[in-house]
Amino acid sequence: MKISLIGFMGSGKSTVGQSLAQFLNLRYYEMDQMILSASDRESISEIFTLDGELRYRELEIVVAKQLGSITDGAISCGGGIIMNKINLDYLKSQSGKAIYLQAPFDLLAARVSQDANNIRPLFQDVEKARKLLQLRAPLYESYSDVTITVADKKPEDIVREIIRLTSSNLL
Ligand code: S3P
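None of the values given here were measured: they were computed from a predicted structure.

S.K.: I would appreciate a short explanation of the packing of aromatic side chains in the present structure.
M.R.: The description of two aromatic rings rests on the distance between their centres and on the angle between their planes. This structure, assessed with the given rule, holds four aromatic pairs. Plain terms: the ring middles of Tyr100 and Tyr140 are 5.0 Å apart, the flat faces sit at 25 degrees to each other, and that makes the pair stacked. One end of the pair, Tyr100, is in strand 4 (residues 97–102); the other, Tyr140, is in helix 7 (residues 126–143), and 40 residues separate them in sequence. Summarising the burial analysis for this pair, Tyr100 and Tyr140 share the class buried. Considering the side-chain rings of Phe105 and Phe123, the 5.7 Å spacing of their centres and the 10 degrees angle between planes classify their relative orientation as stacked. Taken together, the positions of Phe105 in helix 6 (residues 105–114) and Phe123 in the loop between helix 6 and helix 7 put the pair 18 residues apart, joining distant regions of the chain. Put simply, the rings of Phe8, Phe105 and Phe123 touch in pairs and so form one group of aromatic residues.

Here it is as structure tokens:
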């Protein structure tokens with residue numbers, strides 16, 4: 001089983017992905033970690049500032065292509081994965097499924113502002129981030145196989161919901 005979690009920054013893709021991997025006994029893949037390993041930089045924000053967003057997006061496609069060939073795994077994608085449709089084509093190959101973790105903007109903004117260890121270059125300006133979500137929301141919807149609303153839910157509730165979908169063949 002191959003499941004990719006997509007959604008905006010702060011939607012909980014990494015937390016849910018790790019827990020899902022544990023429950024389903026799948027290998028966990030964190031795309032941003034893989035992108036970082038493929039670069040010669042120390043952090044994602046360093047890639048953005050020193051090499052530019054375009055370079056980050058190139059590396060993202062390289063990593064998505066690598067993940068295209070795997071048959072099993074839980075994958076947490078970066079929030080901008082939907083900016084290049086080919087990423088989703090790769091992730092959905094080998095019967096891969098994509099789940100959109102959907103949350104209201106205010107919740108995402110609150111979570112990102114609390115996450116001091118992970119600097120998000122595209123969430124430095126709240127109004128710009130709000131517009132970015134408006135632009136991306138229809139893409140998350142159309143590229144995913146299912147949408148799960150995450151507001152008011154604990155990570156384990158979301159994992160349970162995903163497992164229920166997989167075991168009843170709804171995903
Ligand atoms: C990005 C989201 C970040 C990271 C990079 C770009 C985006 O990942 O990949 O800063 O374009 O939304 P998270 O969604 O895990 O924060």
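So much for the structure itself; the text now carries on.
S.K.: Mind showing me how you'd approach the packing of helix 2 (residues 31–38) against helix 4 (residues 53–68) here?
M.R.: Two numbers describe a pair of packed helices, the interaxial angle and the distance between the axes. With their axes 9 Å apart at the nearest point, helix 2 and helix 4 run at an angle of 115 degrees to one another. Classified by the interaxial angle, the pair formed by helix 2 and helix 4 is roughly perpendicular. Helix 4 is crossed by helix 2, and the crossing has right-handed handedness. On the side of helix 2, the interface is formed by Met31, Asp32, Met34, Ile35 and Ala38, while helix 4 contributes Tyr56, Leu59, Glu60, Val63, Ala64, Gln66 and Leu67.

S.K.: Explanation requested: the sheet that holds strand 1 (residues 2–6) in the structure shown.
M.R.: Sheet strands associate in pairs through backbone hydrogen bonding, adopting either a parallel or an antiparallel arrangement. Read from one edge to the other, the open sheet built from five strands follows the order 2-3-1-4-5, with strand pairing classed as parallel. The two strands at the open ends of the sheet, each matched to only one other strand, are strand 2 (28–30) and strand 5 (146–149). The mean inter-strand angle of the sheet, taken between neighbouring strand axes irrespective of direction, is 20 degrees. In this sheet, strand 4 lies alongside strand 1 in parallel orientation, the contact comprising four bridges. Note on strand 4: the bridge partner recorded for Ile3 is Lys97. Helix 7 rests against strand 1, strand 4 and strand 5 of the sheet, and its axis sits at about 145 degrees to strand 4.

S.K.: Got a minute to help me understand the pattern of salt bridges in this structure?
M.R.: Think of it this way: side chains of opposite charge can pair up when their charged atoms draw near. According to the stated counting rule, one finds 10 salt bridges in the structure shown. One network of salt bridges, in which partners are shared, links Asp40, Arg41 and Asp51.

S.K.: Would you explain the site of the ligand in this entry?
M.R.: The environment of the ligand is made up of 14 residues, and the closest members are Lys13, Asp32, Tyr56, Arg57 and Arg136. In this structure, Tyr56 approaches the ligand through a side-chain N or O atom, which is 2.5 Å from an oxygen atom. Side-chain polar atom of Arg136 to an oxygen atom of the ligand: 2.7 Å apart, as the coordinates give it. When contributions to the shell around the ligand are tallied by element, the ones reaching two or more residues are helix 3 (44–51) and helix 4. Looking at the shell around the ligand, its residues break down into six nonpolar, three polar and five charged.

Thresholds, definitions, all that
Residues numbered from 1 in each chain as written. Predicted model: local features only at pLDDT ≥ 70, side-chain atom pairs only at ≥ 80, totals over all residues. Heavy atoms only, no water. Phe/Tyr/Trp six-rings, centres within 6.5 Å; stacked < 30°, edge-to-face > 60°. Helix = DSSP H or I, 4+ residues; strand = E, 2+ residues; numbered from the N terminus. Buried < 20%, exposed > 50% of the residue type's maximum accessible area, 1.4 Å probe, protein only. Axes fitted to C-alpha atoms, helices over the stretch in contact; angles between N-to-C directions. Parallel < 35°, antiparallel > 145°, perpendicular 65-115°, else oblique. Left-handed = near helix turned anticlockwise from the far one by under 90°. Contact = heavy atoms within 4.5 Å. Pairing = 2+ DSSP bridges. Salt bridge = Lys/Arg side-chain N within 4 Å of Asp/Glu carboxyl O. Near = heavy atom within 4 Å. Polar contact = N/O pair within 3.5 Å; in protein donor to acceptor, adjacent residues only side chain to side chain. Nonpolar A, V, L, I, M, F, W, Y, C, P; charged D, E, K, R; others polar.

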